Amino acid sequence: MPPARSTDILQGTLDVLILKTLSLGENHGWGIAQRIQLVSRDVLQVNQGSLYPALYRLEQQGWISSSWSSSENNRRAKYYGLTTKGKRQLEVETDRWRRFAEAVDLVLAIQ
Amino acid sequence: MNWLPGESDKELDDEIRFHLEMETEKNRAAGMTDSEARRAALRAFGGVRRVQEEVRDLRPTRFIETLLRDVAYAWRTLRRSPAYAMTTIFTLALAVGVCTAMVTFVEAALFRPLPYAGLSRIMTIWETNFAAGEEKLEVSPANFLDWQRLASAFESLALAAPHGVDIPRGDRVISVGAGRISIDYFRTLGVAPIAGRTFEPDDYAPGAEPRVILSETFWRETYGGNRALVGRTIELDAKPTVVLGVVPDGLDASATFEVYMPLTLYPGEKASRTGHWMYAAGRLRQGVTVEGARRDMDRVARIIARENPATNEVLGVRLIPLREELLGRTERLLVALGGASVCLLLLACANIAALTLARGAARRRELAIRATLGARPGRIVRQLATESALLNLIAGIGAYAVAVGIIYQVSANTPEGLRRMHDVHPGAFTIGILLVFTLFATALSGILPAMRLVRSGLAKDLESSRRDTGLTGSEARLQGVLVVAQISIALLLLASAGLLIRSLQKLTANDLGFDPQNVATIQMYLYDLHPDAKERSEFVRTSLDAIRALPGVTGSGATSALPFNPATAARDDFEIVGRPERPGESRTIRTTAVTPGYFETMRVPLLAGRTFEESDRDTSRRVAIINQTAARRFWSGDSPVGSMIRVGIMGPPLEWTIVGVVNDTRESDYAKEPGPEVYVPVAQGGTRVGGLNYVARSPAPAALLDAMQVKIWELTPSQSIVEAELMERLVSRSLQAQRFALMVITGFGTVALLLASTGLFGLLTYMAARRRSEMGIRMALGATPGRIERLFVRRGLILASIGITAGLALSFLFTRVLATLLYQTSPFDSVAITSVVVMTAAVTLLASWIPARRIASLQPGTVLRID
């Protein structure tokens, strides 16, 4: 099942991206997708659909919470926000990502 | 199932809808048309269904939810194809039920502990007579006493002498099998009493009051299992006897003892090396192997032979482990039948797998659509597996009913010689084993085809826009393999059945030496009520006359040893007066006392001289008749009539003049060649002719059975009757085990051939359907129907011949299991094998010819138009 495997690789990354995005303020699924794309200057093309299983999973972990309210254009939308637990998790994940990126940099820097 | 999950389903749907609308709006704002914008939004999102599935899979209740949904779906699907569902349920219920019943029997008969401590060390001990070709003789007491003196392999040795005693039950006196046993008997067998105690030295003291130990069943049936009976007195042979204890049933490998009494050998018995009528057993010393014990007993036998050359020159000792003696026959039968049932189960699974594959092929489109709509392959396998699990669950319930039915039927009707097959009940073990078989069948018949179907690439099917619903090439190949497997298993079963039939034919073709039809028999012990020999033979004469006077009776007689009733046989050594024994010659002979009219009633042909007459009385000259084998072996060509022999007929040796020669009669079964036998008149036959079998011939023997007993009771109301049975039934009883195996295996074989040919038929029909248009074109181009027909028949025959070849190979490997059930029939018997191969070939030919014929008889135009 090739698609499943690629979401596996994405998973950790996608989680930290979602958490980071939500740390800037509550947002709905579409908003999160737009934001990631915008901030990463379109480098990170999130497969929009795969966002939702990830959101569901994060909510199950208790890192984000959700509520329905009306959107900017007056539609009902499901908004996600970071919980306290989620904030701590973001720090852990950010740290982990930094160390990972540094490690990869170090390896790539070998002459 | 819309309670909780439904709520969050709707939430997710709303959320996704919102997402798509926002994306569409954004695209529109970027200048796309409405439809372009929507399509781009969907593309960016990926599969909506897939996302929904993925989110749903994350839910904790997901597993049960899916299961319930799958079950409901499976139920609907199966209701839409009742033929498939019923076939599967029926086939599996039958096969799993049969296997479950068989394993229940195997467990009950072979694996449950027997009441003996240290069973592997207990041997039954027999004598052999190599000069007479006797491989399993009962033991003579003097030889046993020498074993006790000389043998070193055994911790203890025990002796039992069979005996009959009368016990009142209700207002009748019944005769029960009793064992006079030596003091070490229960210790040797390692058996502890259920109640009370076993015998102690005091019980053997001369002048001790009579004491008895009861077997469990007898105690329950006669005394209602009353524990207070221990220590009390019952009436035994009209003497008050103290009940010492109760022991478990079935302790005796060869005779059935219902009660046990102390054995004190009479002086005459102590000296007897020629009368073989007792049973012996021994417990091996710690560390002594069976082989070691055999060597030891061979040594002992040689010492005894040196000391007593006249009697023991030709005698040897044979050890048979008690377990083998008790369960050997049952084990061999169960192994054969168990093997046949496993074959049947494999075959049923192959059949269902083929059906499931074929059905899967027909459902290909449905499954392909489900796959395209976002169902992942694992999901579809799971759905198909649920369907087959549901089927198997229903089949499992049916199988339980089948198993219970078989268990009760078989345990009620098992041949008597097969131990521990009689009191079998379905229990937790049966249910456990049923579950195992059901899971096995589910895996083999449901999940494998499902995986196979999915792996063959569902998505491709939809793309290739195939219209037909037939099998793909690789499925047809797999179907072919299944059909070949089915044919080979069917052939194996049929070959086994064929061998059993041949063996039975050969057995029953053996001349019995008498005519068992229309003969009624009753067995009695007369000694206790008629202790005086003269009075006794008078009673025999008047009672036989009374029976002869019954309506329809054409003849009556009596014998001390009835053919096919081995319990009554006796054997002794004899001398020919005036002719010393040649070296190596064994003058052991079966000794039987009969009345005038016996040979005539049994229709035993007289070959020379005369039969007995009423004038052969205790006062007249002692006369004897020998059988043909005795005449041939000891008089080799000369006429024995007029010769004198010296032999003890249940008494001291006396001289007899031979007055006739009669045909050999089989002793106890069809297979065993008759040995030498001598007959003397009951009226002259010593003092201890006590047990007699009355025979009477009538066109209505069943009615005669009752009439004979009534007549006896009219003369002596307290006379007990051991057994009343038709001679024909005694004879057929000896074939019960073979008949039983034959019936089961033939049944399985027939079902197997039916299933296999249905499989072949189905496969060819599918192939024909798939290649319809091709055939249409061929016909349009001038191929004759005969050619088309041959094309398919050839295909069927190729599969059939592979199957038959494989089946033959299997037969050569596995029919060896049957060897012990076969009589003068090699496992490679050409007649049996050839006829089975021909039959299988004929049936498979028919199964291929019908579909071939059907496709060939179509008009080319019709064929092409259908597509």
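Keep in mind that what you see is a predicted model, and the values were worked out from it rather than measured.

Assigned secondary structure in chain A consists of 4 helices and 3 strands. Reading the helices (α) and strands (β) of chain A from amino to carboxyl end gives α-β-α-α-β-β-α. Counted over contacts in chain A with a minimum sequence separation of 6, partners at least 24 positions apart contribute 45%. For chain A, the exposed area adds up to about 7000 Å²; of that, 54% sits on carbon and sulfur atoms.

Our focus in this paragraph is the overall build of chain B. Along its length, chain B carries 27 helices and 22 strands. As presented, chain B carries roughly 37800 Å² of accessible surface, and 59% of it is formed by carbon and sulfur atoms.

On to the interface of chain A and chain B. Each partner contributes residues to the interface: chain A has 24 residues there, and chain B has 21 residues. When chain A packs against chain B, the two sides together hide about 2100 Å² of surface, and 61% of this comes from carbon and sulfur. Ranking the residues of chain A by area buried against chain B places Trp30(A), Tyr52(A) and Tyr56(A) at the top, with a combined share of 31%. Arg75(A) is the salt-bridge partner of Glu21(B), the closest N and O atoms lying 3.5 Å from each other. Those elements giving two or more residues to the side of chain A that touches chain B turn out to be α2 (29-39), α3 (51-61) and β3 (76-82) of chain A. The greatest single-element share of the side of chain A that touches chain B, amounting to 5 residues, is contributed by α3(A).

Okay, the environment of Arg771(B) next. All names here are of chain B. Relative to the elements of secondary structure, Arg771 occurs in the loop between α23 (736-770) and α24 (772-780). Judged by its relative accessible area of 29%, Arg771 is partly exposed. Put simply, Arg771 and Ile855 are 84 residues apart on the chain and 9.6 Å apart in space, counted from C-alpha to C-alpha. If we skip the residues at most four places from it in the chain, Arg771 touches Arg778 and Leu791.

Quick look at the nonpolar core now. Residues and elements named next belong to chain B. Among the nonpolar cores identified, the biggest contains 115 residues, and Tyr116, Tyr185, Tyr260, Phe599, Met602 and Met727 are the most heavily contacted of them. Discounting chain neighbours no more than four positions away, the residues touching Phe599 are Val594, Val604, Thr611, Phe612, Ile625, Val662 and Tyr679. The next biggest cluster of nonpolar side chains, apart from the first, holds 38 residues, and it includes Val540, Leu544, Trp656 and Ile721.

Moving on, we get to the pairing of strand β1 (residues 122-129) of chain B. Residues and elements named next belong to chain B. Across the 8 residues that make up β1, a large majority, 8, are buried. Because side chains alternate across β1, one face comprises the buried residues Ile122, Thr124, Trp126 and Thr128, and the other comprises Met123, Ile125, Glu127 and Asn129, equally buried. In this structure, β1 lies alongside strand β11 (residues 315-321), joined through 7 bridges in antiparallel fashion. Residue pairing across strands places Thr124 opposite Ile320, the latter belonging to β11. Bridging between β1 and strand β2 (residues 134-137) involves 2 bridges; their strand directions are antiparallel. In the strand pairing of β2, Asn129 is matched with Glu134. Between β1 and β2, which pair antiparallel one after the other, the connecting turn spans 4 residues, and Gly133 there sits at a positive phi close to 70°.

Turning next to the confidence of the model for chain B. Residues and elements named next belong to chain B. When the pLDDT values of chain B are averaged, the result is 83; 90% of them are 70 or greater. Low pLDDT, under 50, characterises residues 1-6; the predicted model gives this stretch 5 contacts beyond four residues in sequence or across chains. Note on residues 463-469: pLDDT is under 50 here. Beyond four places in sequence and across chains, it has 8 contacts. Overall fold confidence (pTM) sits at 0.65, and the ipTM for the predicted complex is 0.83.

It is worth spelling out helix α10 (residues 290-307) of chain B at this point. All names here are of chain B. Here α10 is 18 residues long and its end C-alpha atoms lie 26 Å apart, about the 26 Å a rise of 1.5 Å per residue gives. Among the residues of α10, Gly292, Ala293, Asp296, Met297, Val300, Ala301, Ile303, Ile304 and Ala305 are the ones counted as buried. For α10, the elements touching its buried residues are β1, α6 (141-150), β3 (154-169), β10 (279-284), α11 (309-312) and β11.

Backbone phi values are negative for most residues with the exception of glycine, while trans is the configuration of most peptide bonds. Residue and element names in this part refer to chain B. With a phi angle near 55°, Arg603 is a residue other than glycine that sits in the positive phi range. Within the secondary structure layout, Arg603 lies in the loop between α19 (598-602) and β16 (606-609). The phi dihedral of Gln824 is positive, around 45°, even though this residue is not glycine. Assignment of secondary structure puts Gln824 in the loop between α25 (785-814) and α26 (830-856). Take Gln824: its relative accessible area is 55%, and that puts it in the exposed class.

All names here are of chain B. Per the stated rule, a full pass over the model turns up 42 salt bridges over all chains. With a shortest N-O distance of 3.0 Å, Glu291 and Arg294 are connected by a salt bridge. Here the residue Glu291 and the residue Arg294 both occupy positions in helix α10, the gap between them amounting to 3 residues, near one helical turn. According to the relative accessible area criterion, Glu291 is partly exposed, its value standing at 44%. On the basis of relative accessible area, Arg294 is assigned to the partly exposed category, the value being 29%.

This next bit is on the confidence of the model for chain A. Residue and element names in this part refer to chain A. Averaged over every residue, the pLDDT of chain A is 80; the share at 70 or more is 84%. The element-level mean pLDDT for chain A is lowest in helix α1 (residues 2-23), coming to 64, with strand β1 (residues 27-28) highest at 90. Taken together, the stretch residues 1-9 has pLDDT below 50 and engages in 3 contacts with residues farther than four places along the chain or on a different chain.

Once that is clear, we can look at the sheet that holds strand β2 (residues 64-70) of chain A. All names here are of chain A. With respect to topology, 3 strands assemble into an open sheet ordered β1-β3-β2, the strand pairing being antiparallel. The sheet is open, and its two borders are formed by β1 and β2, each paired with just one other strand. As judged from the 2 bridges shared by β1 and β3, these two strands associate in the antiparallel manner. Paired with Asn27 across the bridge in β3 is Tyr80.

Scoring rules and cut-offs
Residues numbered from 1 in each chain as written. Chains lettered and ligands numbered in written order. Predicted model: local features only at pLDDT ≥ 70, side-chain atom pairs only at ≥ 80, totals over all residues. Heavy atoms only, no water. Helix = DSSP H or I, 4+ residues; strand = E, 2+ residues; numbered from the N terminus. Contact = heavy atoms within 4.5 Å. Areas by Shrake-Rupley, 256 points an atom, 1.4 Å probe, with all protein chains shown as cover. Buried area = accessible area lost by both parts, 1.4 Å probe. Salt bridge = Lys/Arg side-chain N within 4 Å of Asp/Glu carboxyl O. Buried < 20%, exposed > 50% of the residue type's maximum accessible area, 1.4 Å probe, protein only. Core = buried A, V, L, I, M, F, W, Y, C linked by side-chain atoms within 4.5 Å. Pairing = 2+ DSSP bridges. pLDDT = per-residue confidence, 0-100. Expected span 1.5 Å × (residues − 1).

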